[in-house]
Amino acid sequence: MRKKAAVLMGSDSDLPVVQGAIRTLKDFGVETEVHIMSAHRTPHKVMEFASGARENGFGVIICAAGKAAHLAGVVASHTTLPVIGIPMKSSALDGLDALLSTVQMPKGIPVATVAIDGADNAALLAVQILAVNDEELAKKLQDMRTKMTAEIAEKDKKLQEKL
Ligand code: RP5
C-alpha cells in the first residue's frame, strides 16, 4: 500500500504558499495529511506527530516554516522518515533566515531543503521519494517531465517565429 505524505506548517500564515505543495501531491494521487503545528508554539504536538509518523503510514514529511525555522529539523530529530523543509519568506529578511535555519542542519539529522517558498518542488521531491518503489507514481512523474519538455519546445518554436 502507498505511504501517505504529511504537510506540516508552522502557522496558518504559511498556508497560501503551502497550498502549492498540497495541490501537487493531490494531483499525483498521494494521500496527504495537512496540519498546522509549530516547533516552538506546540512542541509536544510536533514530537508526538513525528515520532508516530512511520507507524501511522507516512513515507515522507514536508515542513514549512519561516523566520528561525526549526520545524523541519525538530521533526527530523523524531523520525527516520525523509523530511523536506520549505523555508518561508515570511520575514523582514525575506526568508534568508528560514533558508539558513532549515538547510544548515548539523550532521546526523538531515533535512532536504528546497528553495525559499519552494512548495511545488517540495511536493515533487516527496512524490519522487514515494516513487522509489511505486511504478505508478514513477510513470506519472515521467509523464509530467515529458509534458514539460513539450511545453518548452512549443514556447521556443513560438519565439523563433516571432524573432
Ligand atoms: C513561523 O513564523 C511560521 O512558520 C511563519 O512562517 C512565521 C510567522 O508566523 P505567524 O506569526 O504569522 O503565526 O513559525
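All of the points below concern the structure found in this document. None of these values were measured; they are calculated from a predicted model.

1. Details of the nonpolar core
At step 1: Counting 26 residues, the largest nonpolar core has Leu-25, Val-30, Ile-62 and Ile-86 as its most contacted members.
At step 2: The set of elements that each furnish at least two residues to this core consists of β1 (4-9), α1 (15-27), β3 (58-66), β4 (83-88), α5 (119-130) and α6 (135-162).
At step 3: The greatest single-element share of this core, amounting to seven residues, is contributed by α5.
At step 4: Those residues in contact with Val-30 that lie beyond four places of it in its chain are Arg-2, Lys-3, Ala-5, Leu-25, Val-127, Leu-130 and Leu-137.
At step 5: Residues Met-37, Ala-53, Ile-61 and Ala-76 belong to the second largest nonpolar core, which totals 21 residues.

2. Here we look at the pairing of β3
At step 1: Within β3, nine of the nine residues are buried, which leaves it mostly tucked inside the rest of the structure.
At step 2: As defined by bridge partners, β1 adjoins β3 across six bridges and the pair is classed as parallel. Looking at β3, one finds that Val-7 is bridged to Ile-62.
At step 3: Summarising the sheet, β3 and β4 pair through six bridges and their orientation is parallel. Its bridge partner being in β4, Gly-66 is matched across the sheet by Met-88.
At step 4: Read from β3 through helix α3 (residues 71-77) to β4, the crossover connection turns out right-handed.

3. A short note on the site of the ligand
At step 1: If you check the shell around the ligand, you find Gly-10, Ser-11, Ser-13, Asp-14, His-40, Arg-41, Ala-65, Gly-66 and Ser-90 and nothing else.
At step 2: Measuring from an oxygen atom of the ligand, one finds a side-chain N or O atom of Arg-41 at 2.9 Å.
At step 3: Ser-90 places a polar side-chain atom, nitrogen or oxygen, 2.7 Å from an oxygen atom of the ligand.

4. Focus on the side chain of Thr-102
At step 1: Here Thr-102 shows up in helix α4 (residues 96-103).
At step 2: Using a relative accessible area of 5% as the deciding quantity, one classes Thr-102 as buried.
At step 3: Dropping the residues within four chain positions of it, Thr-102 is found in contact with Ala-69, Ala-72, Gly-85, Pro-87, Val-111 and Thr-113.

5. A word on the packing of aromatic side chains
At step 1: In this structure the tally under the stated criterion is one aromatic pair.
At step 2: Aromatic pair Phe-49 and Phe-58: ring centres 5.3 Å apart, planes at 55°, arrangement tilted. Exposure class is identical for Phe-49 and Phe-58. Each is buried.

6. So, the side chain of Ser-38
At step 1: Among the secondary structure elements, Ser-38 is positioned in the loop between β2 (32-36) and α2 (43-52).
At step 2: Exposure remark for Ser-38: the relative accessible area of 3% places this residue in the buried category.
At step 3: A distance of 2.8 Å separates a polar atom in the side chain of Ser-38 from the backbone nitrogen of Arg-41.

Rules used in this analysis
Residues numbered from 1 in each chain as written. Predicted model: local features only at pLDDT ≥ 70, side-chain atom pairs only at ≥ 80, totals over all residues. Heavy atoms only, no water. Core = buried A, V, L, I, M, F, W, Y, C linked by side-chain atoms within 4.5 Å. Buried < 20%, exposed > 50% of the residue type's maximum accessible area, 1.4 Å probe, protein only. Helix = DSSP H or I, 4+ residues; strand = E, 2+ residues; numbered from the N terminus. Contact = heavy atoms within 4.5 Å. Pairing = 2+ DSSP bridges. Right-handed = clockwise from strand over helix to strand, strands pointing away. Near = heavy atom within 4 Å. Polar contact = N/O pair within 3.5 Å; in protein donor to acceptor, adjacent residues only side chain to side chain. Phe/Tyr/Trp six-rings, centres within 6.5 Å; stacked < 30°, edge-to-face > 60°.

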